[in-house]
Amino acid sequence: GENVEQHPSTLSVQEGDSAVIKCTYSDSASNYFPWYKQELGKRPQLIIDIRSNVGEKKDQRIAVTLNKTAKHFSLHITETQPEDSAVYFCAVPALRAGNMLTFGGGTRLMVKP
Amino acid sequence: EAQVTQNPRYLITVTGKKLTVTCSQNMNHEYMSWYRQDPGLGLRQIYYSMNVEVTDKGDVPEGYKVSRKEKRNFPLILESPSPNQTSLYFCASSLVGRNEQFFGPGTRLTVL
């Protein structure tokens with residue numbers, strides 16, 4: 001199936017610094033690239049997504065960039081705050097019908113006050 | 001309120017005792033799916049359904065069954081649970097043509 005790798009697995013930053021999480025995928029036909037945030041004990045929730053016809057998308061302090069040639073996309077969080085502490089997952093559509101997603105292994109982001 | 005619900009939220013059981021985790025959505029979504037979440041492995045697909053009476057295997061279907069008799073419900077059945085099925089399970093739903101998955105609150109299952 002689709003191979004999705006996410007790095008780093010843990011990331012610790014000082015409040016106010018930027019954080020970048022990278023995701024690589026294997027299927028060049030993938031056309032949808034979401035990022036989910038999962039706070040401790042909660043369900044994953046979509047925070048930003050991008051489609052293959054654009055290279056970058058921003059929403060306030062978060063942005064996603066896409067490099068289709070290299071088959072990777074990244075999540076950028078600027079001016080990090082303690083409430084950004086969570087596990088972040090990238091995902092791509094699975095290599096089959098059904099809207100299912102193949103997720104990366106997750107990145108635990110810790111923002112130190 | 002638009003939502004995906006799961007029951008039970010927590011369950012401790014013993015090996016071999018059949019159990020069902022229910023999932024229901026009130027958003028009229030066609031697609032529904034089950035994932036399991038294990039430390040370091042992210043979320044892995046178990047089964048999905050594209051509509052009523054249409055189901056298919058995900059990446060880790062062994063030991064699980066599903067059914068989709070009604071559009072809103074997609075129960076996950078463990079006929080003979082084993083300790084390696086101890087995990088956090090999420091149900092999700094989405095619309096045809098829209099990739100965003102809406103997740104339920106999760107069910108933490110422990111099989112002793």
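**Some thoughts on the interface of chain B and chain A**
Between chain B and chain A, the residue contacts involve 28 residues of the former and 21 residues of the latter. Summed over both sides, the interface between chain B and chain A buries roughly 2,000 Å², with carbon and sulfur atoms accounting for 52% of that surface. Per-residue buried area on chain B facing chain A is highest for Q45, N99 and F103 of chain B; these three make up 31% of the total on that side. At the boundary of chain B and chain A, one finds zero salt bridges. Our count for the contact surface shared by chain B and chain A stands at seven residue pairs in polar contact (both at pLDDT 80 or more). Counting residues per element, the ones that place at least two in the side of chain B that touches chain A are strand 4 (31-38), strand 5 (42-51) and strand 9 (87-94) of chain B. Of the residues forming the side of chain B that touches chain A, the biggest block, seven residues, is contributed by strand 5 of chain B. Grouping the amino acids of the side of chain B that touches chain A by side-chain chemistry returns 14 nonpolar, ten polar and four charged.

**Overview of the sheet that holds strand 1 (residues 4-7) of chain B**
Residue and element names in this part refer to chain B. The sheet built from four strands is open, its strands ordered 1-3-8-7 with antiparallel pairing. Where the open sheet ends on each side, the last strands, each with one partner, are strand 1 and strand 7 (65-66). Where strand 7 meets strand 8 (residues 76-78), two bridges bridge the pair, whose relative direction is antiparallel. Counted as the bridge partner of V66 is L76 from strand 8.

**Section: the state of the cysteines**
Enumeration according to the criterion identifies two disulfides over all chains in this entry. A disulfide bridge connects C23 of chain A with C90 of chain A, and the sulfur atoms are separated by 2.0 Å. On the S-S bond that ties C23 of chain A to C90 of chain A, the torsion sits near 60°, and the link is right-handed. Taken together, the residues span a long stretch of sequence, with C23 of chain A in strand 3 (residues 19-25) and C90 of chain A in strand 9 (residues 86-93) at a distance of 67 residues. Assigned by exposure class, C23 of chain A and C90 of chain A land together as buried. In this model, C23 of chain B is linked to C91 of chain B through a disulfide, with the two sulfur atoms separated by 1.8 Å. Taking the torsion about the S-S bond as the criterion, the C23 of chain B to C91 of chain B disulfide, at about -70°, is left-handed. Within this pair, whereas C23 of chain B is found in strand 3 (residues 19-25), its partner C91 of chain B is found in strand 9, the two being separated by 68 residues in sequence. Like C23 of chain B, the residue C91 of chain B is buried in the burial classification.

**Considerations on the nonpolar core**
Soluble, globular proteins show a tendency: their nonpolar side chains are buried together. By size, the foremost hydrophobic cluster in this structure holds 23 residues, and its most contacted members are F33, W35, F73, L75, I77, Y88 and L109 of chain A. For this core, the secondary-structure elements that each account for two or more residues are strand 2 (10-14), strand 3, strand 4 (32-38), strand 5 (45-51), strand 7 (62-67), strand 8 (72-77), strand 9 and strand 11 (107-112) of chain A. Discounting chain neighbours no more than four positions away, the residues touching F33 of chain A are Y25, I48, D49, I50, S52, L66, F73, A91 and V92 of chain A. Residues L19, V66, L76 and Y89 of chain B belong to the second largest nonpolar core, which totals 19 residues.

Analysis parameters
Residues numbered from 1 in each chain as written. Chains lettered and ligands numbered in written order. Predicted model: local features only at pLDDT ≥ 70, side-chain atom pairs only at ≥ 80, totals over all residues. Heavy atoms only, no water. Contact = heavy atoms within 4.5 Å. Buried area = accessible area lost by both parts, 1.4 Å probe. Salt bridge = Lys/Arg side-chain N within 4 Å of Asp/Glu carboxyl O. Polar contact = N/O pair within 3.5 Å; in protein donor to acceptor, adjacent residues only side chain to side chain. Helix = DSSP H or I, 4+ residues; strand = E, 2+ residues; numbered from the N terminus. Nonpolar A, V, L, I, M, F, W, Y, C, P; charged D, E, K, R; others polar. Pairing = 2+ DSSP bridges. Disulfide = S-S within 2.5 Å. Buried < 20%, exposed > 50% of the residue type's maximum accessible area, 1.4 Å probe, protein only. Core = buried A, V, L, I, M, F, W, Y, C linked by side-chain atoms within 4.5 Å.

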